[in-house]
Amino acid sequence: MLNKYARAFFTRVLTPFAAFLLRRGVSPDAVTLIGTAGVVAGALVFFPRGEFFWGTIVITLFVFSDLVDGNMARQAGISSRWGAFLDSTLDRVADGAIFGGFALWYAGGGDDTLLCAVALFCLTAGQVVSYTKARGEAIGLPVAVNGLVERAERLVISLVAAGLAGLHNFGVPGIQVLLPIALWLVAVGSLVTLVQRVVTVRREAFEADGPAGQGAVS
Ligand SMILES: CCCCCCCC/C=C\CCCCCCCC(=O)OC[C@H](COP(=O)(O)O[C@@H]1[C@H](O)[C@H](OP(=O)(O)O)[C@@H](O)[C@H](O)[C@H]1O)OC(=O)CCCCCCC/C=C\CCCCCCCC
Ligand SMILES: Nc1ccn([C@@H]2O[C@H](COP(=O)(O)O)[C@@H](O)[C@H]2O)c(=O)n1
Ligand SMILES: [Mg+2]
Ligand SMILES: [Mg+2]
């Protein structure tokens, strides 16, 4: 949903910045790499220590690079298959660090085995949701579904909650409950999305192959 409705807005807002970077000789690949490094650092330095406010601030500063890199590539007319591969692959790394950071907190100082498991579920389910589309498209299917909770939703729900939950360290009482709520929402939403995508791929595969499975690819 965000991908559909918010992308146009952010494209307008970020286009001048993307143009500025291009004029300074920065490449889209550099933005992809630096953005991912910043997200990973923010997540793995701050989240395992329960510093959710500062972790979210650092991640937010870098996560929009994922919208800037493609914008730069399109403006410069240099969108490439390599760039698409790098972008999607490093998205998986960034997502792993964010939900891994939550899991490390609950495995340590946060001391909550159930929430550690929920964070690990979010991590795995998010990666599998992305994989369903990548693999479905790789075997030549349209995968004409995005589903309830795409990557942008997973990030916005969990990062907004983490940033607000982090205010607990500054004396705001009770607010830390937002993070567990967000993790449960992302977990359930990702499961629903996974089912939506698997059902769609199954239907598209049967339509393409026929009942006898002819034309199957490995
Ligand atoms: C006192 C206050 C303290 C709290 C402060 C917190 C404030 C900020 C908190 C959060 C901000 C989070 C922003 C997150 C933005 C995410 C942007 C992003 O990365 O979007 C990525 C998405 C990607 O495009 P790609 O084509 O590169 O991605 C593909 C896609 O994702 C596929 O997904 P999947 O299949 O997994 O579902 C992958 O398969 C594929 O591989 C991958 O390449 O871009 C978009 O989707 C575009 C829409 C972006 C919308 C961003 C909305 C941000 C909105 C609000 C944030 C601000 C909220 C402020 C709240 C303040 C609260 C007090
Ligand atoms: N280093 C990069 C990054 C991205 N691209 C191209 O942009 C597309 C992704 O666009 P986003 O707005 O979601 O970032 C991607 O599929 C590539 O075509 C690129 O060329 N190089
Ligand atoms: Mg990108
Ligand atoms: Mg991306």
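Everything here concerns the structure above.
As the structure is a prediction and not an experimental result, all values here were calculated from the model.

Peer 1: Help me out: how do you make sense of the overall build of the chain in this one?
Peer 2: The number of helices and strands found in the chain is eight helices and zero strands. Here the chain has a C-alpha radius of gyration of 19 Å; the compact-globule value for 218 residues is 17 Å, and the two agree. Along the first, second and third principal axes, the C-alpha set of the chain runs to 60 × 45 × 25 Å. Within the chain, buried positions represent 41% of all 218 residues. Counting contacts in the chain only where the partners sit at least 6 residues apart, residues at least 24 apart contribute 78% of the total. Summed over all atoms, the accessible surface of the chain reaches about 11,700 Å², with 69% contributed by carbon and sulfur. With 16 positive and 15 negative side-chain charges, the chain shows a separation of 6 Å between the mean positions of the two kinds.

Peer 1: Would you take a moment to explain empty space enclosed by the protein for this structure?
Peer 2: Take a probe with the size of a water molecule and roll it over the atoms, and the empty space left behind shows itself. Counting across every chain of the model gives three cavities of 30 Å³ or more. The volume enclosed by the largest cavity comes to roughly 100 Å³. In this structure, the largest cavity is lined by 13 residues; those nearest its centre are Thr36, Ser65, Asp66, Asp91 and Arg151. Contributions of two or more residues to the lining of the largest cavity are made by α2 (28-46), α4 (65-76) and α5 (81-107). In this structure, the second largest cavity spans a volume of roughly 40 Å³.

Peer 1: Explanation requested: the site of ligand 2 in the structure shown.
Peer 2: Looking at ligand 2, there are 16 residues lining it, with Arg7, Asp29, Asp66, Asp69 and Arg74 nearest. At 3.0 Å from a nitrogen atom of ligand 2 is found a side-chain nitrogen or oxygen belonging to Thr32. Coverage of ligand 2 by the protein chains reaches 83% of its 470 Å² of free accessible surface. More than half of the atoms of ligand 2 fall within 2 Å of the grid points belonging to the largest pocket. Those elements that place two or more of their residues in the shell around ligand 2 are α2, α4 and α5. Ranked by the residues each element gives to the shell around ligand 2, the list is headed by α4, at six residues. Classifying every residue of the shell around ligand 2 gives five nonpolar, five polar and six charged.

Peer 1: Sorry if this is basic, but what is going on with the site of ligand 1 here?
Peer 2: The environment of ligand 1 is formed by 29 residues, the closest being Ser88, Arg92, Ser130, Arg154 and Arg197. Within the contact set of ligand 1, an oxygen atom lies 3.2 Å away from a side-chain nitrogen or oxygen of Asp66. Expressed as a share of its isolated accessible area of 1,200 Å², the protein-covered part of ligand 1 is 77%. Placement of ligand 1 is best described as lying within the largest pocket. Secondary structure elements with two or more residues in the shell around ligand 1: α1 (2-23), α3 (52-63), α4, α5 and α7 (151-165). Residues that form the shell around ligand 1 fall into these classes: 14 nonpolar, six polar and nine charged.

Peer 1: Please explain the coordination of the magnesium ion (ligand 4) as it appears in this structure.
Peer 2: Geometry reference: four tetrahedral donors at a metal, ideal angle 109.5 degrees. Six octahedral donors, ideal angles 90 or 180 degrees. Within the first shell, the magnesium ion (ligand 4) binds the protein through Asp66 (OD), Asp66 (OD), Asp87 (OD), Asp91 (OD) and Asp91 (OD), at distances of 2.0 to 2.7 Å. Viewed at the metal, the six donor atoms of the magnesium ion (ligand 4) are separated by angles of 52 to 159°, and the geometry they form is irregular. Sequence spacing of the donors to the magnesium ion (ligand 4): D-x20-D-x3-D. A separation of 3.5 Å is found between the magnesium ion (ligand 4) and the magnesium ion (ligand 3), which are bridged by Asp66. Residue Asp66 is found in helix α4, and its partner Asp87 is found in helix α5; the two are separated by 21 residues along the sequence. Judged by relative accessible area, which is 22%, Asp66 ranks as partly exposed. Asp87 sits in the buried class, given a relative accessible area of 17%.

Peer 1: How should unusual backbone geometry be read in this particular structure?
Peer 2: Backbone phi values are negative for most residues with the exception of glycine, while trans is the configuration of most peptide bonds. We note that Asp111 has phi near 45°; this positive angle belongs to a residue other than glycine. As for its placement among the helices and strands, Asp111 is situated in the loop between α5 and α6 (113-138). The backbone phi angle of Val143 is positive, close to 45°, even though this residue is not glycine. Of the residues examined, Val143 reaches a relative accessible area of 2% and is grouped as buried.

Peer 1: Sorry if this is basic, but what is going on with the coordination of the magnesium ion (ligand 3) here?
Peer 2: The protein atoms donating to the magnesium ion (ligand 3) are Asp66 (O), Asp66 (OD), Asp69 (OD) and Asp87 (OD), with metal-donor distances spanning 2.0 to 2.3 Å. Read N to C, the donor residues that coordinate the magnesium ion (ligand 3) are spaced as D-x2-D-x17-D.

Peer 1: How do you make sense of the layout of surface pockets when you look at a structure like this?
Peer 2: Its boundaries defined by the atoms lining it, the largest pocket holds a volume of some 1,600 Å³. What lines the largest pocket is a set of 46 residues, among which Arg7, Asp66, Asp87, Asp91 and Arg151 lie closest to the centre. Each residue belonging to the lining of the largest pocket can be placed in one class, and the counts come to 21 nonpolar, 11 polar and 14 charged.

Parameters and conventions
Residues numbered from 1 in each chain as written. Chains lettered and ligands numbered in written order. Predicted model: local features only at pLDDT ≥ 70, side-chain atom pairs only at ≥ 80, totals over all residues. Heavy atoms only, no water. Helix = DSSP H or I, 4+ residues; strand = E, 2+ residues; numbered from the N terminus. Rg over C-alpha atoms; globule rule 2.2 N^0.38 Å. Buried < 20%, exposed > 50% of the residue type's maximum accessible area, 1.4 Å probe, protein only. Contact = heavy atoms within 4.5 Å. Areas by Shrake-Rupley, 256 points an atom, 1.4 Å probe, with all protein chains shown as cover. Lys, Arg positive; Asp, Glu negative; His and termini not counted. Charge placed at Lys NZ, Arg CZ, Asp CG, Glu CD. 1 Å grid on protein atoms, 1.4 Å probe; cavity = no way out; pocket = protein on both sides within 12 Å on 5 of 7 lines; lining within 4 Å. Points joined across faces, edges and corners; volume = space filled by probe spheres on them. Near = heavy atom within 4 Å. Polar contact = N/O pair within 3.5 Å; in protein donor to acceptor, adjacent residues only side chain to side chain. Sits in = over half its atoms within 2 Å of the grid points. Nonpolar A, V, L, I, M, F, W, Y, C, P; charged D, E, K, R; others polar. Donors = N, O, S within 2.8 Å, 3.2 Å for Na, K, Ca; no water. Tetrahedral: all angles 85-135°; square planar, octahedral: opposite > 155°, others 65-115°.

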